Amino acid sequence: MITKAETGYDISITDNDLIESIGLLKELRKLCGELPKEEGRQETIKALTTAIETMTAFYCEKFGEDET
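An account of the accompanying structure is given in this report. (Residues numbered from 1 in each chain as written. Predicted model: local features only at pLDDT ≥ 70, side-chain atom pairs only at ≥ 80, totals over all residues. Heavy atoms only, no water.)

1. Some remarks on the nonpolar core
The test is simple: What makes a nonpolar core is a set of buried Ala, Val, Leu, Ile, Met, Phe, Trp, Tyr and Cys residues whose side-chain atoms join them at distances within 4.5 Å. Burial here depends on accessible area, computed with a 1.4 Å probe over protein chains only, as a share of the maximum for the residue type. Under 20% is buried, over 50% is exposed, and the range in between is partly exposed. Runs of H or I in DSSP of at least four residues are treated as helices and runs of E of at least two as strands, each being numbered from the N terminus. Contacts are residue-level and defined by heavy atoms, with any inter-residue pair within 4.5 Å sufficient.
Ile 13, Leu 18, Ile 22, Leu 25, Cys 32, Ile 45, Leu 48, Ile 52, Met 55 and Tyr 59 form the largest nonpolar core, which has ten residues in total. Of all elements in the fold, only helix H1 (15-34) and helix H2 (41-63) reach the threshold of two or more residues within this core. Other than its neighbours up to four places away in sequence, Ile 13 contacts Met 1, Leu 18, Phe 58, Lys 62 and Phe 63.

2. Brief notes about the packing of aromatic side chains
Under the convention used in this document: Each Phe, Tyr or Trp ring (for Trp, its six-membered ring) is paired with any other whose centre lies within 6.5 Å, and the angle between the two planes then decides the class: stacked below 30 degrees, edge-to-face above 60, tilted in between. Cation placement over rings: the criterion is NZ of Lys or CZ of Arg within 6 Å of the ring centroid and within 35° of the ring normal.
For the structure shown, the criterion picks out one aromatic pair. Its end group placed over the ring of Phe 63, Lys 62 keeps NZ or CZ at 5.9 Å from the ring centre.

Given below as structure tokens:
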């Protein structure tokens, strides 16, 4: 999906791929929140949240829609 071009990088992704990935990460974050408290769990949830928010911002920027 990301290829190096002469002037930088080309990003090719469909809105459906992005929506599905965001949904999967949200489910994974929910599952992590339901697991017994173990070392690294909060860091994993924080990383998943960051990834979700970054992907959502990218979606809004590239496809021109709000977070819903």
